[in-house]
Amino acid sequence: MTKGFYLKLAASNIKKNYKTYVPYILTCIITVAMFYIMKSLSLNPDLEQLMGGQHVSYTLYLGSWIVGLFALIFLFYTNSFLIKRRKKEFGVFNILGMEKRHLAIVLGWETVYVLLIALAAGLGLGLALDKMMFLLVAKLMNQKTPLGFYFAPQAVMITVELFAVIFALILIRSVFQVQIANPIELLRAGNAGEKEPKTRWLMALLGTVCVGSGYYLAITTENPVASIPIFFIAVILVILGTYLLFAAGSIAVLKLLRANKNFYYKTRHFTSVSGMIYRMKQNAAGLSNICILSTMVLVMVSATCSLLIGKEDIVNTQYPFDFTVNNYETEKGRDGKVYEIIRKLLKEHGLDAENETEYTNLTFSAIWDGEGFVLNGEAMNAGLADMNEIYSLKFLTVDDYNRLLGERQTLEQGQVLICSAQMDYKQPVLNLFGDEYQIVEQMEEFADKGNIFHADLLQTQYLVMPDLESIQKICAKQAEAYGNRASRIRRVYGFDSDSTPDEQKQFFQDAVAAVRAQELDVRMASKADAAEDLSQLYGGFFFIGIFLGMLFVMATVLIIYYKQISEGFDDKERFAIMQKVGMELREIRASIRSQVLMVFFLPLAVAGCHVMAAFPLISRIMALLNLTNTRLYMMCTGASFLVFAVMYVMIYAVTARVYYRIVSG
């Protein structure tokens, strides 16, 4: 056989199988385009020059490899549908005299065709959309965009190399499947049914335990910092449990439905339930993938939307004042110089300081051992301490407390006022690093009075001490324990201004420059600057979340489409037999609707359960980013689910029609 023959046969095969190849090729094109766009954006120097662009560039870099890994797994998965549908065709070629090595050559040329089409069209689409995506990122980050078009040869090379490797691996797997099968197996493979699977109660129980454990961790974890590692553990448990439940639990449920005579012995239920039982092994993987992808889309989109919409609340929580000055100067004469600079600059800029607040503060972390707070520098510095036992201790003097909150408390040496929302401390004495303090009063609320401290990530204990000397004594102890990682006492000065954001930014730049010129040990923060930084950062996150969400939605659609096509061909002969023995067309349509509805909406329902169970844990993770508006996150989650459900219904309408055309054709 000439090489031209293989080229023509490969092209002819793709053309004849266009119903399955066209969606696959489109998916390859879109995946190539998405990978190139993310890689190109991560390498774009113009993006790094934007404020906050370095964080977004790094996140895009990580996101591009997530897309690459996803492409490897997903294209392998979808290609398996193609090979299954075409095994009968390969069997015919083999019987007609074409050897296995000839089939391998044909498969090789088909793979080359698809790869070339995917790369050419995908890179073309990526190049066309790259600038538009950059403009979109810049818009979401509230940044002005530079003129010109950036082309990244490195991104093109990486894209070509990655997808060449992926398609080479797909080809090796496809050739291996054809090589190990004999012609009779190939002829029967497309129509091969599954034996009735046994009800694996142990696997179903294990799946229930995994999902239940993941749910338990998500619901019961209260420490925001501990939520991050626990989140990944919970995700792994839920993913594993989802696969086990769809594989074993679904069979158990279907057999229970079959045992229910009132439900099972109805025309539309009889054929659908019996058919799904016999094919549940292949159904389980597809349904689990759809469920996991749907959950990922809902979590990513709702989280990134919440951050973008709630950025104003985040800024107000983290920065209670328009300007905050943290003065660490202790040398007499220099400690008051910063205030002279600030007041002078306010006068020069024609601004007024409003809602002025000033207090002394010391903040550091300590470990609660059940009886008191201890300083363990080795455990804290090495990250070996239990996150649930770590507390953030915030100290201030009773004079500052009274002045700020309008109280009239008095404290003697060895006395303390405490407030902790996370700890119900009932003992009359508090042990602080070996010293005992008599608790005069345990307050129920503290942080919400006057916005003295912004939200803390750890469990927080507020402690009001008799005087500055008491705080200095405690500071010396933690400095001895923590060394160069110890905290220092600071004098906090916060104030608001009636000026515009641009005026605030200019004042802040001048103030920072003036403080640096005097070499003062001072840290300053501006709400206007922070708002701009967060707007840029969360805008970039929102873009990435929507971008990856679109990719996962596309994957979900394609998995559903191929699943419906595959099952349609499998069911075609079965429904033909049913029609010959007396089943009416109306009854076939009802049976199809029953089967598709049962299979189709189960992943969406389970994904909804996963999102609801994960809500408390993700809410605490969002608190790490200072998004404490749980109602906003709840609304974004609900809206994301509704939009996704509408899309899901539309996919159902299309795929059900395709399935019906196949089985009734």
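Heads up: the structure comes first, above all this text.
Not measured: the values here are computed from a predicted model. (Residues numbered from 1 in each chain as written. Predicted model: local features only at pLDDT ≥ 70, side-chain atom pairs only at ≥ 80, totals over all residues. Heavy atoms only, no water.)

J.: Describe in detail the side chain of S497, supporting the description with residues and values.
T.: Tracing the backbone shows S497 in the loop between strand 9 (490-496) and helix 18 (501-517). The exposure class assigned to S497 is buried, which follows from its relative accessible area of 8%. A polar side-chain atom of S497 sits 2.8 Å from a polar atom in the side chain of S499. (Helix = DSSP H or I, 4+ residues; strand = E, 2+ residues; numbered from the N terminus. Buried < 20%, exposed > 50% of the residue type's maximum accessible area, 1.4 Å probe, protein only. Polar contact = N/O pair within 3.5 Å; in protein donor to acceptor, adjacent residues only side chain to side chain.)

J.: Break down the pairing of strand 7 (residues 435-443) for me, citing the residues and quoting the values.
T.: Walk down a regular strand and you will see the side chains alternate between the two sheet faces. Pairing geometry for strand 5 (residues 415-419) and strand 7, over five bridges, is parallel. Within strand 7, the position partnered with V416 by the bridge is I439. Here strand 6 (residues 429-432) pairs with strand 7 via four bridges, running antiparallel. Within strand 7, the position partnered with L430 by the bridge is Y437. Counting the residues that bridge the hairpin from strand 6 to strand 7 gives two residues, and of these F433 lies at a positive phi of roughly 55 degrees. (Pairing = 2+ DSSP bridges.)

J.: An account of the nonpolar core is requested, with residue identities and associated values reported.
T.: The biggest cluster of nonpolar side chains holds 87 residues, and the ones touching the most others in it are Y24, L75, V114, F163 and F167. Looking at this core element by element, the count peaks at 19 residues for helix 19 (residues 527-580). Residue contacts for V114: discarding those within four places in its chain leaves I14, Y21, Y24, I25, C28 and F167. With 22 residues, the next largest nonpolar core counts Y391, L430, Y437 and C475 among its residues. (Core = buried A, V, L, I, M, F, W, Y, C linked by side-chain atoms within 4.5 Å. Contact = heavy atoms within 4.5 Å.)

J.: Before we move on, could you go through the pairing of strand 2 (residues 354-368) and cite the residues and values that matter?
T.: Taken across its 15 residues, strand 2 has 11 buried, putting it largely inside the fold. Pairing of strand 2 with strand 4 (residues 390-397), which is carried by six bridges, proceeds in the antiparallel orientation. Each residue of the ladder has a partner; that of F364, found in strand 4, is L393. Bridge analysis of strand 2 against strand 3 (residues 373-374) gives two bridges, and the strand direction is antiparallel. Note that in strand 3 the partner of W368 across the bridge is F373. Hairpin connection, strand 2 to strand 3: the antiparallel pair is bridged by four residues, and G370 has positive phi, about 100 degrees.

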